[in-house]
Every structure is written in structure tokens, then in C-alpha cells.
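Here are the chains, one letter per residue:
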Amino acid sequence: MGTSNHTERILEGGPAVDPHLRRGPRGFPLLPGGYGRSTYYTGAPSPYAIRGEGYRVWDDRGHELIDANNNFTSLIHGNAQPEITEAATKAIASGASWGIPNLYEWELADLLLSRLPALDQVRFANSGTEAVMSAIRIARASTGRERVIVTQGGYHGTSEVALVPGGPSYTRGVTRGVINDVTSVPLNDIEFLRQAIEAAPDSYAAIILDLLPNRAGLLSISEEFVREARRLATRYGIVLIIDETISLRLGYGGLSREYGVDPDLLTTGKLIGGGFPVGAIVGLAALMAEVDPTRPGSLPHGGTFSGNPVSMAAGAVALRLYPEDEVKRLNQLGDLTRDAVNSRILEAGWEVRGRGSLLRAVPAGATKVDEATQHRLWWATYERGLLGSPANLLSLSTPMDESIAAEIGDRLTEAVLKVAQDSPRS
Ligand SMILES: Cc1ncc(COP(=O)(O)O)c(C=O)c1O
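A. Inspection of the site of the ligand at higher detail. Near the ligand, the surroundings consist of Ser127, Gly128, Thr129, Tyr155, His156, Gly157, Asp210, Asp243, Thr245, Ile246 and Lys270. One of the backbone nitrogen or oxygen atoms of tyrosine 155 is found 3.4 Å away from a nitrogen atom of the ligand. Interatomic distance of 2.6 Å between a side-chain N/O atom of aspartate 243 and a nitrogen atom of the ligand. For the ligand, whose accessible area on its own is 390 Å², the fraction buried by protein is 81%.

And the structure:
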């Protein structure tokens, strides 16, 4: 065997140098802070993944973990689902990506629209962040207005507008102009929403809603709030964007259909790429015309890898393998898990929130959880063989059944009780 690089040594199971210790030519860690994404950060050097299969992931420290992180909810079918792997491999072997359209784009668009029959057209991007950025630009271009309404605690990725609801710690580096163009409405405060819009209805281009904001501890937006946002948007010619990057999995037609509210533009990503980079704007034809290149003066929208055949082919299989009865089954598994854990942690001052297949344990009643507590719980779950997101968001995947859900419930309960015991709330 010749000289193999670090990654090859790991894959061969041989000893590897901890990558956190590896330095670049000028002496710095290869990745800032040792991380390729800030969102991986869990307060101490993280393990790294070696391999995944179904609902399991193995890491460099020899742990076998139940994967309820699922790459931040995007792996609806778990790791390396065979039919998705086959579709992606076939697309890669056919050329991976081209500079002219490919058939898979139409296929995925068709599948998405069949689930979202109130909307007309799809444009693909590479991430939820990009989809939201473009949706806001479409809304601004079509209304000729600039201001945007968001809800506090809503997460819409890391574009500049999307950072504003996170507050001052998120908006360093964002211009005053962008900050001033965004109105953050307290979650479920209908009166605040109404007054903000009615004070200057002609200034608002868009209302953007995340129906299950993870940054607010996975509290749901109330149906009354969403219906009022719909009513005000229609009345004042504002574009209603519902960001279903994370929540599309919760209903066959996304969470907005479960609420009985149709947006003008819906943004999504994650599961619709089958585990590969993706984002999508799905919208009414009158709005999507803004990015129709056959129309003079249309908005520039591209992306070298937007609609790439690998993401499109994998995403099409992922959607086909997630029919209505699977959506229901997975949501019921989530409900069972939530009930089982809640009955054992409420007394310790914690609760599990969420909806359907998305769960998160938080101190009871919290609308914001400090990072140190999130990280303590992350390590406590990790040590018990359960992998969540650093903010403790857990998502179920279709390879899971009742026994795995029960196992997740047991491991989560133990971890929460350990954290509660170590740092009791006053
Ligand atoms: C509601 C919502 N919008 C947008 C995003 C950003 O998506 P991405 O990470 O693909 O850029 C996320 C990511 O978690 C999300 O949950």
C-alpha cells in the first residue's frame, strides 16, 4: 500500500491523527476553530463521522450512535438508503453536472407540485438559505417594496435578512439598512403583527414564517397567527412566504397544508435533496414570472450547481419513498416518543416539544435555551449513543420503528435527567 492520506487511513480503520491537531503551513488549525461549519459546534472538540447506515452512524471514537441528527433533519430515510444511493450513483456516473438542463429537475419539480397543488412552479437552489434569499428578492421585485416581516425565533438560514430575527449577536456584519428593513414580530403576537403592518402597509414586500421555530425552542406558531398573517398579506398585497425548509417533512403537503394555509411562495430544502445539497422556491406563477428568463428584465437567478442531477435524482427518490402513510407513521412515532419522555422528565423541570417527527428537549417553559445547557445535553445524549443536533433537535427517519423510537426515548430521558441532576433549575 502506498502512502495513504488521512481520510483513507480512517476508512481503512488504521490509526489517524486527530484532525483538530493538524495545522496549515502558517501554523493555524486547518478549519477556523477546528470546524467546517459553525453549526457543528458543541462546546468541546467534536467526534467526527466515519460511516452511516440506516439509522446508525459510527464515529472516530468507536461509538455506534442512533442518528437522530440526520444531517440537521435532511436525511428523512437515514444514511445511505440503497435506492437513493443507486439513483445518485447513476447520476454521478452519467456526468454529475452539466451546463444545460437535465430531466431530473422536471421530475423533482413535478413531484413537489403534486404535493403542493396550490402552487404552480419551482425554481431550485443549493440550500434553504439560498431559497429564502431568492424568495425575498422575488417578493421585493414583484411588489416594488423593501420591508420584510419575520417572527422572533424564526430561523431562515444565514442570508443577511434571515439573520435579523436572531438579534444583535447574529447581526454583526449586517448593514443598518438591512436591519432597518426587517420588522421582527414576537411569536404569536397577533396584535403586534397587525399594528406593524397597518402602520405602513405599502412598505412591506413579504411576511416570512417558520411554522416550528427551533430557535424559539421548537414552539409552534399558532394557527390564528398564521391565518391572520395570510389575511393581512392578501389584504395589503404583501407576499406570504412560508419557509418549510425543515417542516415539509411534517405533512404530505408540508406543515402549511396541515395548518390549512397556502403561502404565495414556499421555500424548502433538506429532505427534497435526498441528502445532497438543495433548496427550492415553489410559488404562484405570477410571482415566479420574476425569474422567468424568457421575460425581458427578469431577475438573474442561477447557481452553478442549482438543479444538479445528483441532488435532483436523489431527491426524487426520497420524495417517492415518503408517501402520505409514511409521513403519518413517522409523525406518530414522534408523538409516542414525546409522550414517553415527557411522562418521565416533567418532574425534573424539563419537557420535550415539537411536532410529529421533530422533537427537542428543553427546560420546561423555556423560549430560549442557553448554549451551555444545549451543549451539556448534547454530550449527555452522545455518551448514551444518541446523536442530535447541537441545539438538541432530534429528527426521526423512515428506517426507524417503534423499538428504535423507544430506545431514543430511553436514551434521551436518561440524558435529560443527568443534565437536570447536574444543574438543577432554581
Ligand atoms: C426553516 C429553515 N430555513 C432555512 C434554513 C437554512 O437551510 P440551509 O441550512 O440548507 O441553508 C434552515 C436550516 O436549518 C431552516 O430550518
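B. Representation of the sheet that holds strand β1 (residues 49–53) within the structure. On the basis of which strands lie adjacent, the open sheet formed by four strands has the order β1-β2-β3-β13 and mixed pairing. The sheet is open, and its two borders are formed by β1 and β13 (386–387), each paired with just one other strand. When β1 meets strand β2 (residues 56–59), the two strands line up antiparallel, connected through four bridges. If you follow arginine 51 over to β2, its bridge partner there is tryptophan 58. Running over the sheet, helix α15 (residues 402–422) touches β3 (64–67) and β13 and is turned about 110° from β3.

C. Seen up close, the sheet that holds strand β14 (residues 393–395). If you walk across this open sheet you meet the three strands as β11-β12-β14, and the pairing is antiparallel. Looking along the sheet, the strands with just one partner apiece sit at the ends: β11 (350–355) and β14. The sheet shows a mean angle of 25° between the axes of neighbouring strands, taken without regard to direction. Sheet strands touched by α15: β11, β12 (358–363) and β14. Its angle to β11, the strand with the most contacts, is close to 140°.

Analysis parameters
Residues numbered from 1 in each chain as written. Predicted model: local features only at pLDDT ≥ 70, side-chain atom pairs only at ≥ 80, totals over all residues. Heavy atoms only, no water. Near = heavy atom within 4 Å. Polar contact = N/O pair within 3.5 Å; in protein donor to acceptor, adjacent residues only side chain to side chain. Areas by Shrake-Rupley, 256 points an atom, 1.4 Å probe, with all protein chains shown as cover. Pairing = 2+ DSSP bridges. Helix = DSSP H or I, 4+ residues; strand = E, 2+ residues; numbered from the N terminus. Contact = heavy atoms within 4.5 Å. Axes fitted to C-alpha atoms, helices over the stretch in contact; angles between N-to-C directions.

Note that all results are geometric; they support no functional claim without further evidence.
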